[in-house]
Amino acid sequence: MSTQPLIELNNTVKRFGENTVLNGVNLSIFRGEITSIIGKSGVGKSVLLKHIIGLFEPDGGEVLYEGKPLSSMKRAEKKALKRKFSYMFQESALFDFLSVFENIALPLQETTSYPEAEIHRRVRDKMHQLDLHKVDGKYPSQLSGGMKKRVALARALVTDPEIVLFDEPTTGLDPIRKSAVHSMISDYQKRFGFTGIIVSHEIPDIFFISQRVAMIDAGRIVFEGTPEEIQKASDPVVQNFIQGLESPHDDLTGVASQSLGQKRLQQEMSRLQRHEIPFSIVLLSIDNLEDIDRIAGHVACQTMLKNFANHVKQNIYITDTCFRYDMNKILVILPDTNSSQAKLFCEKLSRNMENAAVFETPDFTSGLCYSVRAGIAQAKKDSQLQSLLENAEARQQLFYECRI
Amino acid sequence: MDFLVTLKSPISALGQQTITIIRDLGRIFLFFCEGFVLIFTLPLQISKFKQQIYFIGMKSVFVICLTGAFTGMVLGLQGYYALLRVGSTGYLGAAVAIPLIREMGPVLTAIMVIARGGSAMAAEIGIMRVSEQIDALETMDINPIRFLISPRIAAALVCFPMLTALFDVVGIFGGYLTGSVLLGVNPSLYFSRVESSVNMEDITEGFIKAIVFAVVVVTICCFQGYYTHMRTEFGAKGVSLSTTRAVVFSCVVILIVDYVLTSFLL
């Protein structure tokens with residue numbers, strides 16, 4: 001991580017009449033990272049985003065790009081900078097007089113010199129990845145809210161920008177498509193290394209894909225740090241906000257949420273320490289989720305993950321808990337179980353995989369390799385939770401593989 | 001003291017209003033200049049220009065023919081009875097054609113286009129503004145004025161003179177319909193009077209007016225829509241206010257400009 005922030009908001013103030021929306025915002029955005037901006041509705045998250053791209057000019061303070069204030073840049077410099085940006089609007093802002101295809105193609109047609117065939121290829125590519133089939137000729141008014149979001153996302157990413165600003169990219173989407181959008185943002189970010197700034201309410205999903213999180217409240221940044229740090233933050237404003245939004249279940253998979261899972265882990269740990277009741281954990285991770293993503297598309301990939309989680313859920317006892325540990329990881333807590341019993345559980349899970357509906361995806365494509373690794377760790381009385389998890393991660397080995 | 005304040009407040013309000021009007025006029029002028037200059041930047045936006053020609057020009061043909069015909073017909077009627085009093089109905093062709101070409105054609109064409117196309121322009125651009133479509137263009141580094149306004153200016157500059165010419169021709173035939181067919185003026189006399197009385201200056205004046213009106217209408221209507229967000233009313237109410245203002249302002253300005261131009265061109 002470079003020390004110089006790519007974008008810096010320095011004591012930025014914005015007023016609309018009597019109403020002060022931003023009251024001295026200080027924020028640093030680093031190159032190649034995804035920064036999420038969270039906060040209650042109406043606290044100025046979108047206004048902050050619009051300052052970064054230059055749609056709004058601050059009333060006080062300044063916005064710096066690579067250390068240089070935007071206000072002091074010459075016209076040509078600003079123009080060159082704007083080409084690096086892309087913005088996905090909260091209300092999609094699709095051109096209602098253009099069809100879906102024309103909407104996505106517009107930035108390429110107007111700002112690049114690609115031949116028509118190349119523009120077609122790129123647009124089709126993005127439409128396929130975002131599960132936008134048979135809507136080329138439709139107009140925005142004929143689309144559902146969720147579909148409009150995906151068209152807007154395709155339009156924002158079609159130019160392969162360096163910096164992408166997303167204003168609530170998943171609001172109004174169903175859990176599978178929401179996760180597909182998140183995984184797509186994360187996947188693209190890894191592949192092309194863009195810098196992403198996401199305004200979102202999707203907690204905790206957004207923590208999986210962000211490297212940094214900033215929380216805005218009452219016109220100021222009240223927290224800035226990594227997703228792990230914000231989850232452990234002691235500030236009551238931050239905690240109340242996060243806990244208020246976090247549902248006890250993961251939206252996509254239906255398994256327990258991460259915070260619920262962590263609480264359960266702590267309970268088991270104290271049971272072990274006080275009553276010496278053993279417990280084991282199994283960390284299951286789908287190895288090649290990114291490949292599946294690329295071959296079968298984001299929606300198919302998320303459906304597979306959902307099906308796999310369902311399969312795990314069906315194979316555990318009522319006293320067991322499974323929760324989403326990461327984008328592609330599910331952690332199972334098995335109380336009253338030692339490591340050899342946990343191994344038996346893994347074998348049962350593997351055997352039953354053949355009959356499971358994991359591959360029932362809308363975009364079933366051949367050429368997929370589906371492999372899951374499992375790591376088992378039994379907790380010891382003196383072991384720390386962190387080291388237990390690390391143990392399970394280190395011991396992961398191939399547990400199931402399937403080639404289609 | 002109170003008296004002084006009361007005395008000063010209308011004066012300061014008047015001054016404030018004048019400053020606002022002058023500032024707005026300056027902004028409208030700069031808006032037009034930018035839109036006009038950007039017509040010629042490469043690559044030329046031919047397809048958008050053609051779409052606007054179709055929208056402003058083609059789609060107005062019917063209404064222009066209709067209004068042109070009835071204006072000509074009423075001029076024929078009124079002209080006939082006025083000329084009858086001085087016993088020179090033979091001059092009906094001139095009495096219909098000259099006011100039609102110099103005055104009625106450009107003014108009524110402009111007003112009809114405001115009603116049909118100008119209001120639509122203001123509403124369309126206004127909706128684009130409130131639904132952040134114009135902001136979206138800016139974030140994509142597409143100049144919204146070049147993308148939205150320039151093709152409309154170019155199309156209006158082409159369409160207005162052509163629609164005015166159409167209005168004139170249909171109007172002259174309308175005058176023939178009432179004057180000759182209904183009231184019995186000799187048709188060949190009617191058309192020969194049209195031919196002999198109308199000279200190139202009349203036609204030039206008509207076209208100059210048409211071009212100036214094109215600039216006025218398209219600039220005011222697009223400007224009102226483009227700056228919808230600067231109003232105190234937002235959303236749908238802002239757009240409706242912009243549309244109303246676009247129509248009322250451009251009609252009033254057309255009539256004022258018409259007087260000024262006529263006094264210079266006569």
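Residues numbered from 1 in each chain as written. Chains lettered and ligands numbered in written order. Predicted model: local features only at pLDDT ≥ 70, side-chain atom pairs only at ≥ 80, totals over all residues. Heavy atoms only, no water.

1. Considering the sheet that holds strand β2 (residues 19-29) of chain A
Residues and elements named next belong to chain A. What counts is decided by this rule: Pairs of strands are assigned from DSSP output, requiring at least two bridges between the strands. Helical segments are the DSSP runs of H or I of at least four residues, strand segments are the runs of E of at least two, and each set is numbered from the N terminus.
The strand order across the open sheet built from 4 strands is β2-β1-β4-β5, with neighbouring strands paired in antiparallel fashion. Looking at the sheet topology across the chains shown, the edges are occupied by β2 and β5 (68-69). Alignment of strand β1 (residues 7-16) against β2, held across 8 bridges, turns out to be antiparallel. Residue pairing for β2: Ile7 is matched across the bridge by Ile29.

2. A short note on the packing of helix α6 (residues 144-182) of chain B against helix α7 (residues 187-197) of chain B
Residue and element names in this part refer to chain B. The following threshold applies: Note on definitions: angles span 0 to 180 degrees between N-to-C directions of axes, and those axes are lines fitted to C-alpha atoms, for helices only across the stretch in contact. Helix crossings are classified by the rotation of the near helix relative to the far one: an anticlockwise turn of less than a right angle makes the crossing left-handed, while a clockwise turn makes it right-handed. By definition, residues are in contact when any of their heavy atoms lie within 4.5 Å. Residue polarity is assigned by list, with Asp, Glu, Lys and Arg as charged and Ala, Val, Leu, Ile, Met, Phe, Trp, Tyr, Cys and Pro as nonpolar; anything else, Gly included, falls into the polar class.
Orientation of α6 relative to α7, taken along the N-to-C sense of each, is 145°, at an axis distance of 10 Å. Here α6 and α7 pass one another in a crossing that is right-handed. Packed against α6, whose contacting residues are Ile172, Phe173, Gly175, Tyr176 and Ser180, the element α7 presents Pro187, Tyr190, Phe191 and Val194 at the interface. Partitioning the contact of α6 with α7 into residue classes produces 7 nonpolar, 2 polar and no charged.

3. Considering the packing of aromatic side chains
The geometry of an aromatic ring pair is captured by two quantities: the separation of the ring centres and the angle between the planes. Here is the rule we go by: Planes of paired rings set the category: under 30 degrees apart is stacked, over 60 is edge-to-face and the rest tilted, where pairs are Phe, Tyr or Trp rings (Trp by its six-membered ring) whose centres lie within 6.5 Å. Burial classes follow relative accessibility: with a 1.4 Å probe on protein chains only, a residue under 20% of its type's maximum area counts as buried, one over 50% as exposed, and anything between as partly exposed. Only lysine NZ and arginine CZ atoms are considered, and such an atom sits over a ring when it is within 6 Å of the ring centre and within 35 degrees of the ring normal.
Across all of its chains, the model carries 19 aromatic pairs over all chains by this definition. Both rings, one in Phe16 of chain A and one in Phe56 of chain A, keep their centres 5.6 Å apart while their planes meet at 65°; by these two values the pair is edge-to-face. Of this pair, Phe16 of chain A sits in strand β1 while Phe56 of chain A sits in the loop between α1 (45-53) and β4 (60-65), and the two are 40 residues apart along the sequence. Using a relative accessible area of 36% as the deciding quantity, one classes Phe16 of chain A as partly exposed. Take Phe56 of chain A: its relative accessible area is 24%, and that puts it in the partly exposed class. Ring centres of Tyr190 of chain B and Phe191 of chain B lie 5.2 Å apart, and the angle between their planes is 90°; on these two criteria the pair is classed as edge-to-face. Since its relative accessible area comes to 0%, Tyr190 of chain B is described here as buried. An aromatic cluster is built from Phe31, Phe223, Tyr226 and Tyr227 of chain B, whose rings are joined through pairwise contacts. Between Arg27 of chain B and the ring centre of Tyr227 of chain B, over which it is positioned, the NZ or CZ distance is 5.1 Å. When the ring centre of Phe55 of chain B is taken as reference, the NZ or CZ atom of Arg116 of chain B above it lies at 5.0 Å.

4. Examining the sheet that holds strand β8 (residues 195-199) of chain A
By way of backbone hydrogen bonds, the strands of a sheet pair with one another, either parallel or antiparallel. Residue and element names in this part refer to chain A. The mixed open sheet is built from 6 strands, whose spatial order is β6-β7-β8-β3-β9-β10. Lying at the two open borders of the sheet, with one neighbouring strand each, are β6 (85-88) and β10 (220-225). Within this sheet the neighbouring strands show an average axis-to-axis angle of 15°, counted without direction. Of the pairings in the sheet, the one linking strand β3 (residues 34-38) to strand β9 (residues 212-217) comprises 4 bridges and is parallel in character. Residue pairing for β9: Ile38 is matched across the bridge by Met215.

5. A short note on the interface of chain B and chain A
This is how it is decided: Note on terms: buried area is the combined drop in 1.4 Å-probe accessible area of two parts once they are placed together, counting the loss on both. The salt bridge criterion pairs a side-chain nitrogen of Lys or Arg with a carboxyl oxygen of Asp or Glu, the two atoms within 4 Å. We define a polar contact as two N or O atoms separated by no more than 3.5 Å, with the added condition that, inside protein, one atom must be a possible hydrogen donor and the other a possible acceptor, whereas residues neighbouring each other in sequence contribute only through side-chain atom pairs.
Of the residues lining the interface, 16 residues belong to chain B; the matching set on chain A comes to 20 residues. Buried area between chain B and chain A, both sides added, is near 1,600 Å², and the carbon and sulfur share of it is 60%. Linking chain B with chain A are 4 salt bridges, by the criterion used here. Salt-bridge contacts for Glu110 of chain A lead to Lys48 of chain B; the nearest nitrogen and oxygen are separated by 3.5 Å. Linking chain B with chain A are 5 residue pairs in polar contact (both at pLDDT 80 or more), by the criterion used here. For the side of chain B that touches chain A, the leading source of residues is helix α5 (residues 133-139) of chain B, giving 6 residues.

6. Focus on the environment of Val199 of chain A
Residues and elements named next belong to chain A. The topology assignment puts Val199 in strand β8. For Val199, a relative accessible area of 0% gives the class buried. The sequence separation of Val199 and Leu48 amounts to 151 residues, and the corresponding C-alpha distance is 9.6 Å. Apart from residues no more than four positions distant in its own chain, Val199 is found in contact with Ile37, Lys45, Leu49, Phe166, Asp167, Glu168 and Pro169.

7. A few points about unusual backbone geometry
A cis geometry characterises the amide bond from Leu42 of chain B onward to Pro43 of chain B, with omega recorded as -10°. Its identity is not glycine, yet Glu66 of chain A carries a phi of approximately 50°, on the positive side. According to the relative accessible area criterion, Glu66 of chain A is partly exposed, its value standing at 41%.

8. Some remarks on the nonpolar core
A general tendency of soluble globular proteins is for nonpolar side chains to be buried together. What counts is decided by this rule: What is meant by a nonpolar core is a set of buried Ala, Val, Leu, Ile, Met, Phe, Trp, Tyr and Cys residues, joined one to another through side-chain atoms within 4.5 Å.
Formed by 95 residues in total, the largest nonpolar core has its most connected members in Ile7, Leu27, Leu48, Ile52 and Leu165 of chain A together with Ile149 and Phe160 of chain B. Once residues lying within four places of it in the same chain are set aside, the contact partners of Ile149 of chain B are Phe31, Ile125, Pro144, Cys222 and Tyr226 of chain B.

9. Topic: the confidence of the model for chain A
For the record, the criterion: pLDDT measures how confident the predictor is about each residue, on a scale from 0 to 100.
Taken as a whole, chain A shows an average pLDDT of 81; of its residues, 93% reach a score of 70 or greater. Here strand β15 (residues 397-403) of chain A stands out as the element of chain A with the lowest mean pLDDT, 70, in contrast to β8 of chain A, whose mean of 89 is the highest.

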